[in-house]
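Structure at a glance
Given next are the chains, with one letter for each unit.
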Amino acid sequence: MAKDTEKLIRQLSLISFLMAQGRPVSALEIKREVEGYSDMNDDAFARRFYADRAELESLGIELGVEKPGEGFFEAELYSLPPENFYLDPIKFSDDELAALSTALSLLSEGEFAYAEPLRLALQQVAWGHPNPLKEGERAPVEMAMTASAGGRELSQRLSKIETAISRRKTIEFTYYTMERDETTKRKVDPYHLVFRSGQFYLIGHAHERDAVRVFRLSRIQGKVGYGSKAEHDFSPPENFDRRDYGQRADWQLGEIRGSAQIFVRDRIAWLIERDFGEFGTLRAAKKSDGAPGKGSVFETDYASPRELIAWVLRWRQNAQVLGPEELRSEAESRLGLLHDRHHNGFEPAEIVDRPLREAPRRGRSNGRGEAAIRPERFARLVTLAGLLIDSAKRGERLGVADLRQRLELTGEELQEDIDLLNVVNFGGGTYVLYAEIIGDEIEVDSEPYGDNFARPARLLPLEAKALVAAIDLFGDHLPQGGLQTARTKIVKALGHDPSEEGLEIASGSGGDAEVARKVNEAIGASRILELQYYKENEDQFTKREVEPYRLENGREGWYVECYDLTKEGVRHFKLDRIKEATLSKRAFEPRPEVEELAGVEGWMTHGEVPTAHVARVWVSPDRARWLREERTVVEELADGAVVVELPYAGTSWLVREILRGAGDLVVLEPDEARAAIAREVGE
């Protein structure tokens, strides 16, 4: 028998024995009665029992220990209080359960790294309700950004880091530092994980720097290993605010350098306050500010001058850096580079290499392949035991197909799990259950004490994080509503907020929650929506009448896919650019041709607009390394610069992307695109 299987049988038997006794028991009783301990000598038992207790504690199951004064190890008494094992009952409304089920179904189809622990978590919190995983009415929502780990290697790193955070283990890995263009060995105490803008980031104490640093998981090379064989290596400092890193703007990641004053014109002040207000304060501009017109001043702390300037430039003439002086000077310098390089001609260095072009891989996973984290088998076994015992209590047989669908198991995995549970016992040869697959059904006989597993166990840390992460990914965008109230109930039952202890999903660009509610209402009732929409690319407000079909979540944020009655075609409207949405009294008959085409498009997943034109764009040596991660390099230049190809549908979108390059991007071709940049940055 494999060591992992022996350990699982031993730990599950220990839990069932302690719950069955209902009283504190000695280590000698445990050694004598619990499966897996009886054939050990005293030293081996002491080591194994200590290790099992520590591992159960890391899974959220803590044994009670009574120490009757000074004495030997054997004098300690152990118990498992019900509150240390069972999850507090959670009373969900129908809407809350429906929203949780919809979230799971959508994320299981997409590239959600936590799809498997999410399935187990939903089984636990929805205990006693009908199978939450059964196919229901299809929600008019599609997900493209679903917290994918990015393939097997990244998923393995993520899983190892999750475990290290939970167990407070120091980790070691090889890391490529983009700023310094160097690869070094790193030793880190992992504190927190944040998912933001399509990437996972680790926040931890770097031993080499003796300071807290941020590491992007995609830049970790090779395997992640533990720094020692100790059970715990560190304790996170009490003054470390984990959530602080998820609630910063891109320009605030790192050591804060100062506070900036940004002028914003009235036409976008509402948008800045709504979407970026948490990163600073917005006030009316005064004469002493030196503002170039009527508007407001956005004051915000910043760590990266370049990132802040790039953000300011994307708003074109509607935003301008006022101070401090060194930041204003750098912004003017970068704008000057944009002007000179697009007005006066630009000669890049000679080409030294033309890399082979590879077809981009844009396929979507169904969430069940190599990108998904494999949860601890312990969680699956506890859930399976509960489902089997519950069926025995009701005098019903479970269908093999239903159980495999619930737990996402192969037939072989299900048989292995049942075989293992059949040897878990309460001690003295009294087993928890006996289950047997007979044809398409499972017949279960359970012992009376088996009722101890007929209630949901506490969520493992990974399950809890998966559940809360799924809720935070959707925010207020599901048609059923109820996700936020469900989150509150789950956190209360857990006794803590998992996003503060391991993985945090940083809020994306979701727009106004009230707008999302009206969009969902209009979709459900097939009612025409009247929108007041800000077209950022053209810097203008428009009024549109649309037939909404579904919400879609992509790399750039949330969109509503509509049939635009004015343009007589399918259009996508970004939710955070909708200033106002009004439901008209007019209903519409859904167009079959639009419903057939509706769904997440490739550009939402990878951030490129539908290809109609391709621009050749020069990237400065200073930014070439960053662009390699995002775009396909087609030419290597002698000075370290590169040339990339950037697909675009309209020059207005391309202008915005080049402005966000903050002077490090230059359009080489086509000429009309260069001319558009030149017009934007002035004569």
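Above this text sits the structure in question.
Residues numbered from 1 in each chain as written. Predicted model: local features only at pLDDT ≥ 70, side-chain atom pairs only at ≥ 80, totals over all residues. Heavy atoms only, no water.

A few words on helix α22 (residues 671–680). For α22, the set of buried residues is Ala-673, Arg-674, Ala-676, Ile-677 and Ala-678. Among the residues trailing α22, Gly-682 stands out with phi positive, at a value near 90°. (Buried < 20%, exposed > 50% of the residue type's maximum accessible area, 1.4 Å probe, protein only. Helix = DSSP H or I, 4+ residues; strand = E, 2+ residues; numbered from the N terminus.)

With that settled, consider the sheet that holds strand β2 (residues 64–66). Note: strands within a sheet are paired through backbone hydrogen bonds, in either parallel or antiparallel orientation. Judged by pairing direction, the sheet is antiparallel, and its three strands sit side by side in the order β1-β3-β2 without closing on themselves. Each of the sheet's edge strands pairs with one partner strand only, and the pair in question is β1 (25–26) and β2. Bridge analysis of β1 against strand β3 (residues 77–79) gives two bridges, and the strand direction is antiparallel. Pairing of Val-25 across the sheet is with Tyr-78, part of β3. (Pairing = 2+ DSSP bridges.)

A word on the nonpolar core. Formed by 78 residues in total, the largest nonpolar core has its most connected members in Phe-112, Tyr-114 and Phe-474. Broken down by element, the residue count for this core peaks at nine residues, all from helix α15 (residues 461–474). (Core = buried A, V, L, I, M, F, W, Y, C linked by side-chain atoms within 4.5 Å.)

Applying the stated criterion to the full structure yields 25 aromatic pairs. For the ring pair Phe-298 and Trp-311, a centre distance of 5.8 Å and an interplane angle of 50° mean the geometry is tilted. In this pair, Phe-298 sits in strand β12 (residues 295–302) while Trp-311 sits in helix α10 (residues 305–314), placing the two residues 13 residues apart along the sequence. Taken as a pair, Phe-298 and Trp-311 share a single burial class, namely buried. The interplanar angle of 55° and the centroid separation of 5.7 Å between the aromatic rings of Tyr-549 and Phe-588 together place this pair among those described as tilted. In this pair, Tyr-549 sits in strand β20 (residues 540–554) while Phe-588 sits in the loop between β23 (578–587) and α18 (592–597), placing the two residues 39 residues apart along the sequence. Its relative accessible area of 9% is what places Phe-588 among the buried residues. A connected cluster of aromatic rings, assembled from ring pairs, spans Trp-251, Phe-276, Phe-279, Phe-298, Trp-311 and Trp-315. Directly above the aromatic system of Trp-315 lies the positively charged group of Arg-314, at a separation of 4.6 Å from the ring centroid. (Phe/Tyr/Trp six-rings, centres within 6.5 Å; stacked < 30°, edge-to-face > 60°. Lys NZ or Arg CZ within 6 Å of the ring centre and 35° of its normal.)

Close contact between helix α12 (residues 377–393) and helix α13 (residues 400–407) brings their axes to 12 Å; oriented N to C, the two are set at 150°. When the interaxial angle is binned, α12 and α13 end up roughly antiparallel. Of the two elements, α12 crosses α13, and the hand of that crossing is right-handed. Here α12 contributes Thr-383, Leu-384, Leu-387 and Leu-388 to the contact with α13, which in turn contributes Leu-403, Arg-406 and Leu-407. (Axes fitted to C-alpha atoms, helices over the stretch in contact; angles between N-to-C directions. Parallel < 35°, antiparallel > 145°, perpendicular 65-115°, else oblique. Left-handed = near helix turned anticlockwise from the far one by under 90°. Contact = heavy atoms within 4.5 Å.)

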